[in-house]
Amino acid sequence: MDPGTGSRGVSPAAMAVAAVLPAGGSGERLGGATPKQFCAVQGRPLVSFAVRAMERINWISDIIVVVSPENVETMKSIIEKYGHKRVTIVKGGITRHRSIFNGLKVFAENQFSNYLLQKPEVVIIHDAVRPFVEEDILSKVVMAAKEHGAAGAIRPLVSTVIASAPDGFLDHSLERAKYRASEMPQAFLFDIIYQAYQQCTDYDLDYGTECLHLALKYCKTNAKLVEGTADLWKVTYKRDLYAAESIIKDSLSQQVCVIADVKEAVAQVGFRLHESLKSQIEVEAISISLSKNDSHLQNDFSGECCNFVCINDKKYDIGETQQLVDMLEKSNIPLLYPVVLILVHLDSSESVSFSIGVEELTRIKKFASEVKKKNILVYGLLIQYK
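Everything quoted here is computed from the prediction, not taken from an experiment. (Residues numbered from 1 in each chain as written. Predicted model: local features only at pLDDT ≥ 70, side-chain atom pairs only at ≥ 80, totals over all residues. Heavy atoms only, no water.)

Q: Just to check I follow, could you spell out helix α7 (residues 211–219) for this structure?
A: Residue pairs spaced three or four apart in an α-helix point in one direction, given the helix's 3.6 residues per turn. Looking at α7, one finds that the buried residues are C211, L212, L214, A215, Y218 and C219. Along the axis of α7, the buried residues cluster in a sector spanning 160 degrees; they form a single face. Phi turns positive one or two residues past the end of α7, at K220, with a value near 55 degrees. (Buried < 20%, exposed > 50% of the residue type's maximum accessible area, 1.4 Å probe, protein only. Helix = DSSP H or I, 4+ residues; strand = E, 2+ residues; numbered from the N terminus. Arc of directions from axis to C-beta.)

Below is the structure:
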């Protein structure tokens, strides 16, 4: 990690960290009746992607989603449908800063929640319409906030910023190389950002947009700026929804998990498949015994991989495949994305040819048809292997 992020040899897991996601915007710039955070991308609300990005990081203890009062029930249904955990819904205010303040209050004031959540040492603030945040940048801003009190992601300016005179003509322009765009995520020592919001004027709460500025203005805390990645952009316009969908589709097609039995011949095929694919896509290879309910596989299902190749030499064993499907269902991955499961059966017998009977074929087709209703697409492949 960059020493400028304040790592000091400590990880975020060593402290209490929570996240506040403001999701109360009306989406006026997007157009349409549905606020952008609830617009569907790949059939799933945008806000669900942002929640999932936080949820998959085990050192984030609580995720606060702040929505407008009229969208509380909508958010509740999203949490229930997609199986989100560690999420608390809070009613937002009429502006972004007022909504964030309400989100922070659940750690300090009982009136904003049925119970008081444990106050974190560091709190992350991240827009619900920035779905592609990764653990690395979250870790960097959290560790920088731990050391400096506040931190935020930045990106180079894409366009030159100019100021216009009252008569509509150019007044001056800024030297683009000297300035940066403030992005999300941002992180703060909780006591600093909460104290800053408590001291805010109504003007700050109604017209302000920059949390880092509040920490500087009211707590004299100068934020550490952390260079962010290109995927931190915010969904603002309708075209951004199409871009988000394209990115998600591309990422889903670039990952595969190869699951092979521990038997030597099967494991060898799994290794060869891994070697042939790794130069083209991201591949994780696992050698396990499904019958032992391997914890490594369960951990892999907690990630975002949606493509699985399962290799075995058991003749048309639906039982182990059913076990695999059950584990996928429990992971909630099929609720989020279509899952592709390719079953590769190796026939290592001395027989010159092999075949599958009508009864077995009917059973396999029926099984595939049933799990398709669960958003799991099962394919079968028979390979003679010597």
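Let us keep going from here.
Q: What's the story with the environment of K105 in this structure? I'm lost.
A: With respect to the element layout, K105 can be found in helix α3 (residues 96–105). Remark: the alpha-carbon pair of K105 and V90, spanning 15 residues in sequence, is separated by 9.5 Å.

Q: Help me understand the nonpolar core in this model?
A: Taken as a class, soluble globular proteins show a tendency for nonpolar side chains to be buried jointly. Formed by 39 residues in total, the largest nonpolar core has its most connected members in V47, M54, I60, V65, M75 and I124. Mapped onto this core, the elements with two or more residues apiece are β1 (17–22), α1 (46–55), β4 (60–67), α2 (72–82), β6 (122–125), α4 (135–148) and β7 (150–156). Ranked by residue count, the leading element in this core is α4, at seven residues. Among all residues touching V47, those that are not within four sequence positions of it are A23, Q37, F38, V65, M75, I78 and A128. In terms of nonpolar packing, the next biggest core, distinct from the first, is built from 31 residues, V66, V90, Y197 and Y218 among them. (Core = buried A, V, L, I, M, F, W, Y, C linked by side-chain atoms within 4.5 Å. Contact = heavy atoms within 4.5 Å.)

Q: Where do I start with the packing of aromatic side chains in this structure?
A: Both the distance between ring centres and the angle between the ring planes are used here to describe each pair of aromatic rings. Within the structure shown, the criterion is met by six aromatic pairs. Considering the side-chain rings of F190 and Y194, the 5.4 Å spacing of their centres and the 15 degrees angle between planes classify their relative orientation as stacked. Linking F190 with Y194, this pair stays in helix α5 (residues 190–199), spanning four residues, or about one helical turn. Like Y194, F190 is buried. Taken together, the ring pairs in this structure connect F101, F107, F190, Y194 and Y197 into an aromatic cluster. (Phe/Tyr/Trp six-rings, centres within 6.5 Å; stacked < 30°, edge-to-face > 60°.)

Q: Any chance you could explain the pattern of salt bridges here in plain terms?
A: Once the charged atoms of two side chains with opposite charge are near each other, the side chains can pair. Counted under the stated rule, the structure contains 14 salt bridges. When the shortest N-O distance is used, the salt bridge between D136 and K140 registers 3.4 Å. Of the two residues, D136 and K140 are both situated in helix α4; the distance of four residues between them amounts to about one turn of the helix. In this structure, E329 and K374 form a salt bridge, with 3.3 Å as the shortest nitrogen-oxygen distance. With E329 in helix α11 (residues 318–331) and K374 in the loop between α13 (358–372) and β16 (376–384), this residue pair connects regions lying 45 residues apart in the sequence. The structure contains a network of salt bridges with shared partners spanning R96, D127, R130 and E183. (Salt bridge = Lys/Arg side-chain N within 4 Å of Asp/Glu carboxyl O.)

Q: Would you mind showing me how to read the pairing of β7 here?
A: In the case of a regular strand, side chains alternate between the two sheet surfaces. Most of β7 sits inside the fold, with five of its seven residues counted as buried. Note: β7 against strand β11 (residues 224–227), four bridges, orientation parallel. Each bridged residue has a counterpart across the sheet, and for A153 the counterpart in β11 is V226. (Pairing = 2+ DSSP bridges.)

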